[in-house]
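Listed below are the residues making up each chain.
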Amino acid sequence: MGDLLAQAWIVARKDLVLEFRTRTALLSAVVFTALVLTVFNFGRDPTAVATIDLAPSILWVTFTFAAMLALNRAFQLELENGALEGLLASPLSRVSLYWGKGVANLAFVAVVEAVGLPLFVLFFDVPVGSVLLPLIGVIALATVGFVAVGTLFSAMVIRTRFAELMLPVLLLPFLIPPLVGAVQVTARLLASRPLSESVGYLKLLAAYDIVFVSLASVLFRFTVDE
Amino acid sequence: MSLAQRGRRITLVGLVLLAGVYVRALAYTPMERFQGPAQKIFYLHVPAAWSAMLAMGLVGLSSVLYLLLRDARFDRFAAASAEVGTTFSLVMLTTGPIWAKPIWGTWWTWDARLTLTLFLFFLFLGYLLLRSAVAEPGLRARYSAVLGICGLVLLPFIHLSVYLFRTLHPQPIVLKPSSPSLPGDMLITLLLSFAVFTVLYVGFVTQRYALSLEREAQGSGDVGRA
Amino acid sequence: MPDVPQNAGYMVAAYIVTAVILLVYAVSLSRRANRP
């Protein structure tokens, strides 16, 4: 187990170093998130629907798009640098490879969300103060779900035609359960409802994460090996 | 008799029997008093749902077997089952709203059944799209298998999400469709319809499987086309 | 006792649509088999 994590960290660190060296993808994703939030502002009628009712959906649609962007660029780096071949030739276990990629993707999306959340609070005047910690918890849970399946699928679509279209088409159905959970819990948190009301959804999120991280860990090697 | 011919024969039998079910359902099965004639859509919608679920289940099972045993027959079968499943899902997706409109007063509602139908359809489509986007047969088989397994695992989560979501929202139900216990005649019609849809599933899958074999023999494969 | 709803039109529509879908698919399978 320790070996697995050590190997995963090697993979993750390599990816993250590459990412932060160029920073282009990261900055683009952050700017994109800010723009999406802005578009949402103009896409609604503040007199018709209270912002607070729309807020959870706005936040999560934005985060979903950001996650998709992050995942899309995940394996592009590999293809461009031909690094994938080297990784596969090494004695690195496929599970570590998956976890490493997953952690790197998670870090990327986390940075984007870390910028996106304050922007969201600012643009839409959302009262997150008292519920910040649980909110971050929910964001983390849902993001793990997104990234778990997304990392697996992005490994596949890299070698398909129309990869940029293929990833959303394949991935979006899988993002619905964590999305439903996340939106519902966020809505309840923002409305200052007691956490007990969100328990069902939190269990859904947790179960989804556990099941799909496990499943993807097992299936990952079939996407990269003969 | 070649596989294709056998498939055609089974399908033909299925279609003739379907005509029989039509006659029985429309003319010889009593009408449900509260829902009126529209209730009879039930005799097509529910068996179609069964066939679609069966198709998806077998895609999943076949995918697991393919990854374990690497026998191309499982891949061929999964592809056939997916295409046939798409067809039955389409029947579900059309008969569902047509039944919903007179009974529930609306063409669409995000209740568990219709939502699951929609997702099943998206999953099948995604599967077929993925297959058409990968040129190399071995890669295609592996990728499809991964997607097929993930899709099957996703279904219970979709059901759970919708269930959680709906229990808190009132349903726009005007009349309640399909009571749990059916009077004799109706039950017989339903069971006959189940049998016929199963026959159609077998016939269609056999034909589609034979088609894959034929294409492989000709060297053209399934690339870029369903 | 409420009147029986007059919604036979929907029933007919659904039965026709189902038949069309299944028949079109069956024909598509046959035709694709014959085409090289």
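Cut-off values and rules
- Residues numbered from 1 in each chain as written.
- Chains lettered and ligands numbered in written order.
- Predicted model: local features only at pLDDT ≥ 70, side-chain atom pairs only at ≥ 80, totals over all residues.
- Helix = DSSP H or I, 4+ residues; strand = E, 2+ residues; numbered from the N terminus.
- Buried ≥ 20, exposed ≤ 12 C-beta atoms within 10 Å, placed from the backbone.
- Contact = placed C-beta atoms within 7 Å.
- Axes fitted to C-alpha atoms, helices over the stretch in contact; angles between N-to-C directions.
- Parallel < 35°, antiparallel > 145°, perpendicular 65-115°, else oblique.
- Left-handed = near helix turned anticlockwise from the far one by under 90°.
- Nonpolar A, V, L, I, M, F, W, Y, C, P; charged D, E, K, R; others polar.
- pLDDT = per-residue confidence, 0-100.

### Details of the overall build of chain A
No. 1: Tallying secondary structure elements over chain A gives 9 helices and 0 strands in all.
No. 2: Reported as C-alpha extents along the three principal axes, the dimensions of chain A are approximately 60 × 35 × 30 Å.
No. 3: Evaluated residue by residue, chain A yields a buried proportion of 43% over its 226 residues.

### Notes on the arrangement of the chains
No. 1: Of all 2 pairs of chains sharing an interface, the pair with the highest contact count is chains B and C.
No. 2: In this assembly chain A lies apart from chain C, the nearest approach of their C-alpha atoms being 24 Å.

### Details of the packing of helix α1 (residues 3–27) of chain B against helix α6 (residues 184–218) of chain B
All names here are of chain B.
No. 1: Look at α1 against α6: their axes get within 8 Å of each other, and the N-to-C directions meet at 155°. Judged by the angle between their axes, α1 and α6 are roughly antiparallel. Helix-helix and strand crossings are classified by hand; for α1 and α6 the assignment is left-handed.
No. 2: The class makeup of the residues in the contact of α1 with α6 is 17 nonpolar, 8 polar and 3 charged.

### Focus on the environment of Ala6(A)
Residue and element names in this part refer to chain A.
No. 1: Relative to the assigned elements, Ala6 resides in helix α1 (residues 2–22).
No. 2: For Ala6, a count of 10 C-beta atoms within 10 Å corresponds to the exposed category.
No. 3: Here the alpha-carbon distance between Ala6 and Leu71, two residues 65 residues apart in the chain, equals 23 Å.

### Some words on the confidence of the model for chain A
No. 1: Mean pLDDT for chain A: 86, with 93% of residues reaching 70 or above.
No. 2: Mean pLDDT in chain A bottoms out at helix α5 (residues 83–89) of chain A, which sits at 65, and peaks at helix α9 (residues 199–224) of chain A, which reaches 94.

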